[in-house]
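Geometric and topological summary
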Amino acid sequence: MPWWKRAAIVAAVLVVLSFAIWRGAVWVRELPPEQSPFRSLDLERPVGWATAMQFDRIRSDPPACAAALDASRIVVTPIEDRREGADGQCGFSNAVTLDESHYPYSGAVRATCPLTAALYVWEREVVAPAAAQWLESPVVRIEMIGTYVCRNIYGRAEGRLSEHANANAIDIAGFRLENGRVIRILGGWTGDEADAAFLRAVRDGGCDVFRGVLSPDYNAAHADHLHLDMGPYRLCR
Ligand SMILES: [Zn+2]
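Residues numbered from 1 in each chain as written. Predicted model: local features only at pLDDT ≥ 70, side-chain atom pairs only at ≥ 80, totals over all residues. Heavy atoms only, no water.

Looking at the pattern of salt bridges
In the structure shown here, the tally under the stated rule is 13 salt bridges. Of the charged contacts, one joins Asp-56 and Arg-234 as a salt bridge, the two residues approaching to 3.6 Å between their closest N and O atoms. You can see Asp-56 sitting in helix α2 (residues 51–59) and its partner Arg-234 sitting in the loop between β10 (226–229) and β11 (235–236), a full 178 residues away along the chain. Among the residues examined, Asp-56 registers a relative accessible area of 25% and is labelled partly exposed. The exposure class assigned to Arg-234 is partly exposed, which follows from its relative accessible area of 43%. A single salt-bridge network, built from bridges that share partners, covers Glu-44, Arg-73, Arg-124 and Glu-125. (Salt bridge = Lys/Arg side-chain N within 4 Å of Asp/Glu carboxyl O. Helix = DSSP H or I, 4+ residues; strand = E, 2+ residues; numbered from the N terminus. Buried < 20%, exposed > 50% of the residue type's maximum accessible area, 1.4 Å probe, protein only.)

A few points about the domain arrangement of the protein chain
As assigned here, the protein chain comprises domain 1 (1–30) and domain 2 (39–236). Each of domain 1 and domain 2 has a C-alpha centre, and the two are 49 Å apart. (Domains from an automatic or database assignment.)

Quick look at the coordination of the zinc ion
Around the zinc ion, the protein contributes the donor atoms His-164 (NE2), Asp-171 (OD) and His-227 (ND1), which lie 2.0 Å from the metal centre. All donors of the zinc ion come from a single chain, and their spacing in sequence reads H-x6-D-x55-H. Asp-171 shares its class with His-164; the two are buried. (Donors = N, O, S within 2.8 Å, 3.2 Å for Na, K, Ca; no water.)

Here we look at the packing of aromatic side chains
Counted by the stated rule, this structure contains five aromatic pairs. Between the aromatic rings of Phe-19 and Trp-22, the centroid separation amounts to 5.8 Å while the plane-to-plane angle is 45°, which identifies the pairing as tilted. Of the two residues, Phe-19 and Trp-22 are both situated in helix α1 (residues 3–30); the distance of three residues between them amounts to about one turn of the helix. Of the residues examined, Trp-22 reaches a relative accessible area of 47% and is grouped as partly exposed. Measuring from centroid to centroid gives 5.8 Å for Trp-122 and Phe-210, while their planes differ by 70°, and the two rings are edge-to-face. Linking Trp-122 in helix α4 (residues 113–134) with Phe-210 in the loop between α6 (193–206) and β9 (212–214), this pair joins segments that are 88 residues apart in sequence. (Phe/Tyr/Trp six-rings, centres within 6.5 Å; stacked < 30°, edge-to-face > 60°.)

Considering the sheet that holds strand β4 (residues 95–100)
In spatial order, the strands read β1-β4-β5; together these three strands make up an open sheet with antiparallel pairing. Edge strands, defined here as strands with exactly one partner in the open sheet, are β1 (75–79) and β5 (110–112). The sheet shows a mean angle of 40° between the axes of neighbouring strands, direction not considered. As paired strands, β1 and β4 are joined by five bridges and run antiparallel to one another. Paired with Thr-77 across the strands is Thr-97, a residue of β4. The strands that α4 touches are β1, β4 and β5; relative to β5, the one it contacts most, it runs at about 105°. (Pairing = 2+ DSSP bridges. Axes fitted to C-alpha atoms, helices over the stretch in contact; angles between N-to-C directions. Contact = heavy atoms within 4.5 Å.)

A few points about the environment of Phe-92
Tracing the chain through its elements places Phe-92 in strand β3 (residues 90–92). In this structure, the C-alpha to C-alpha distance between Phe-92 and Val-47, residues 45 residues apart in sequence, is 27 Å. Contacts of Phe-92, omitting those with residues within four sequence positions, involve Ile-79, Glu-80, Asp-81, Arg-82, Arg-83, Arg-110, Tyr-148, Asn-166 and Ala-167.

Quick word on the pairing of β10
Residues Leu-226 and Leu-228 line one face of β10 and the alternating positions His-227 and Asp-229 line the opposite face, and both faces are buried. Looking at chain direction, strand β7 (residues 169–177) and β10 are connected through four bridges and run antiparallel. If you follow Ala-169 over to β10, its bridge partner there is Asp-229. Of the pairings in the sheet, the one linking β9 to β10 comprises three bridges and is antiparallel in character. By the bridge assignment, Gly-212 is partnered in β10 with Asp-229.

Let's talk about the environment of Glu-34
Examined against the element boundaries, Glu-34 turns out to sit in the loop between α1 and α2. Sequence separation of Glu-34 and Ala-221 is 187 residues, and the distance between their C-alpha atoms is 34 Å. A polar atom in the side chain of Glu-34 sits 2.9 Å from the side chain of Arg-45. (Polar contact = N/O pair within 3.5 Å; in protein donor to acceptor, adjacent residues only side chain to side chain.)

Shown next as structure tokens:
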């Protein structure tokens, strides 16, 4: 093959490659933010396949997490970092109190920034549509057990520290509806078909937002609540 033919082939390949790279870049840039792992988390967007990756990034980037809360309509108050317990093993940093979200809670929510951000998205993208699909009345309040408490998992004397000890977990006992009815995990999980379907939908959808989601399906210790956390382990059961 003469040199000029080879050069022409190389040039043609380069042109095609450059075009493909340019098209790819345009395609990635035009993706909705929730479908692009390169974009930062926008709490007002729907949940997409890249949302979990974006949440993973704010877990290790406190300024990015604070910016995500700031850019959304959630109302929070930052609280001072704290260490406590015999060896300072408990406490929290980059935590906030949740002042106003899509739903009020039955108690004060004091939690890490990533957990608060995840709750805000879960309420709107998971709880509200699940209620619309399965229940006769919208949710008006989330019944909670607690967030921050200095203890090991299951309250054992020995063992791994619970995510609650870092204000990085919340336990949800049920949902109060506009018509006054309260759907509790205890009873509701194995009760009325629609209530059970609603509770499973909020658990399953939670797995796209939180890192750890534990329900009565996990063990007897979770028979009366959903445990939602932003800890290091991905667990959905
Ligand atoms: Zn818990």
